[in-house]
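# Coordinates in review
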Amino acid sequence: MAIADRYLAEDEVLIYETRQHWTTLISEFVQLVVIVAAAAALVFVLPTDEDWGRIAAWVVVGLAAVLALWRWLVPLLQWRATLYFLTSRRLHKRSGFLSKAGTSIPLSRVNDVSFSASLWERIWRYGTVRVQSASEQGLMVFKHVPEPETLKQHIHQAIDGLVETK
């Protein structure tokens with residue numbers, strides 16, 4: 001069972017589902033490594049034979065844990081909770097792990113679909129997909145999409161399928 005299945009209406013079929021590319025978490029991982037290295041270095045240089053040194057070491061470890069949660073775990077959970085999916089009737093973006101947000105565009109309202117990928121993004125195989133619609137939303141942007149051209153093709157195929165069934 002796909003993750004997006006629970007968000008589908010009874011007459012919808014899931015066509016494509018993806019998350020943001022894993023490279024969106026590289027800077028957060030680097031920050032985690034720096035936090036752990038800095039905390040380890042500080043604990044190493046603090047004197048453990050004195051009471052204040054042991055207390056300071058625990059304070060450093062506690063601060064490092066809080067920083068790691070804030071700078072790495074929270075973005076990881078946000079990345080995990082961001083979902084892009086395409087159904088037989090709509091294109092949907094859902095995000096958030098504590099407070100949720102979702103945006104949908106009916107396929108019948110899609111006017112234009114485009115994608116872009118810089119050289120760096122092409123090397124890592126991700127990019128941005130922009131969907132222009134005649135709905136109130138106007139423009140919906142899907143950032144850091146793995147294989148953006150594939151998503152664009154799926155959207156066009158779904159729209160063509162929608163047109164053929166009318």
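Residues numbered from 1 in each chain as written. Predicted model: local features only at pLDDT ≥ 70, side-chain atom pairs only at ≥ 80, totals over all residues. Heavy atoms only, no water.

## What about helix α2 (residues 51-81)?
What counts, and what does not: Put simply, DSSP H or I for four residues or longer makes a helix, DSSP E for two residues or longer makes a strand, and each gets a number counted from the N terminus. To estimate the expected span of a helix, count its residues, drop one, and scale the result by 1.5 Å. Whether a residue is buried, partly exposed or exposed follows from its accessible area with a 1.4 Å probe, protein chains only, as a fraction of its type maximum: under 20%, in between, or over 50%, in that order.
Here α2 is 31 residues long and its end C-alpha atoms lie 43 Å apart, about the 45 Å a rise of 1.5 Å per residue gives. Those residues of α2 lying buried are G53, A56, A57, V60, A64, A68, P75, W79 and A81.

## Side note on the packing of aromatic side chains
Stated precisely, the cut-off is as follows: Only Phe, Tyr and Trp rings take part, Trp by its six-membered ring, and two of them pair if their centres are within 6.5 Å. Stacked means planes under 30 degrees apart, edge-to-face means over 60, and tilted covers everything else. Only lysine NZ and arginine CZ atoms are considered, and such an atom sits over a ring when it is within 6 Å of the ring centre and within 35 degrees of the ring normal.
Tallied over the full model, the rule gives 3 aromatic pairs. Considering the side-chain rings of W22 and W124, the 5.3 Å spacing of their centres and the 85° angle between planes classify their relative orientation as edge-to-face. Taken together, the residues span a long stretch of sequence, with W22 in the loop between β1 (14-18) and α1 (26-45) and W124 in helix α3 (residues 119-124) at a distance of 102 residues. Under the relative-accessibility criterion, W22 is labelled partly exposed at 47%. Put simply, the rings of W22, W120 and W124 touch in pairs and so form one group of aromatic residues. One cation-aromatic arrangement involves R71 over W70; the distance from NZ or CZ to the ring centre is 5.0 Å.

## A look at the pattern of salt bridges
What counts here: A carboxyl oxygen of Asp or Glu within 4 Å of a side-chain nitrogen of Lys or Arg is what we treat as a salt bridge.
Going through the model one piece at a time under the given rule, you end up with 4 salt bridges. Among the salt bridges present, the one from D51 reaches R54, with a minimum N-O distance of 2.4 Å. Highlighted residues: D51 and R54, both in helix α2, separated by 3 residues, approximately one helical turn. Given the relative accessible area of 55%, D51 is considered exposed. Residue R54 is classed as partly exposed on the basis of its relative accessible area, which comes to 39%.

Keep in mind these numbers describe shape, not what the thing actually does.
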